[in-house]
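Secondary and tertiary structure notes
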Amino acid sequence: MPKVYAIDGVIPVVHPTAYVHETAVLIGDVIVGPGCYIAPSASLRGDFGQIRLGEGSNIQDNCTIHCFAGGETAVGADVSVGHGAVLHGCSVGDRALIGMNAVVMDGAIVGAQAIVAALAFVRAEFEVPERTIAAGVPARVLREIDGEEAGWMIDANADYYGARDRAWASMQRVEALHRLDRDGPRLTFQGAKPLSRSRGG
């Protein structure tokens, strides 16, 4: 069971089709929509304001989602939030991608199908328009995304639909083996590759 906490009488809401890892933490005014995937060690802390995740979104390992008092953090449908990212009081549109270790600050708006690059810092009140890519510290809009990038985003998000389903079907707590079993099963997962490899770059 995930670590779910009420605060001031407000209890997180998790749709029964969502998967929340047992090491994730949900506090207070958190709404996890249908089919979402919340990875290990994610922290969704709705103790100051509301956190809302749309259908099919995935929040990957070690992400933090929070906001200032009276604020909210709204994540649309089919959004991918990469490992270690921080969302604070911002709005992320449907099918957007937030890269690994990116930070998106209060009042910032990330448009639908936009990409915030890994390690980017999206300052407060900044807007990343729909179908564009933003990168840097502070982030600036570089250009519109191309068709290959749009397709790659769909493929990468599909991997997390699969991760949700695989977690429901087969993830279980076990004891580690004490030696390598060379004849034992090996993972053969086939999914999206890094965009740089798919382009041959």
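The shown structure was predicted, so the numbers you read here are calculated from the model rather than taken from an experiment.

A look at the packing of aromatic side chains
All told, the structure shown has 3 aromatic pairs when counted by the stated rule. Geometrically, the ring pair formed by Tyr19 and Trp168 is edge-to-face, given 5.6 Å between the ring centres and 80° between the ring planes. With Tyr19 in strand β3 (residues 19-20) and Trp168 in helix α1 (residues 147-170), this pair connects stretches of sequence that are 149 residues apart. Here Tyr37 and Tyr160 contribute two aromatic rings whose centre-to-centre distance is 5.7 Å and whose plane-to-plane angle is 50°, an arrangement assigned as tilted.

Considering the side chain of Asn157
Its location among the elements puts Asn157 in helix α1. Among the polar contacts made by the side chain of Asn157, one reaches the main-chain carbonyl oxygen of Asp78 at a distance of 3.2 Å. If we skip the residues at most four places from it in the chain, Asn157 touches Gly56, Asn58, Asp78, Val79 and Ser80.

Section: the environment of Val13
Position of Val13 relative to the elements: it lies in strand β2 (residues 13-14). Separated by 19 residues in the primary sequence, Val13 and Val32 have C-alpha atoms spaced 6.1 Å apart. Setting aside anything within four residues of it in sequence, one finds Val13 in contact with Val30, Ile31 and Val32.

Conventions and cut-offs
Residues numbered from 1 in each chain as written. Predicted model: local features only at pLDDT ≥ 70, side-chain atom pairs only at ≥ 80, totals over all residues. Heavy atoms only, no water. Phe/Tyr/Trp six-rings, centres within 6.5 Å; stacked < 30°, edge-to-face > 60°. Helix = DSSP H or I, 4+ residues; strand = E, 2+ residues; numbered from the N terminus. Polar contact = N/O pair within 3.5 Å; in protein donor to acceptor, adjacent residues only side chain to side chain. Contact = heavy atoms within 4.5 Å.

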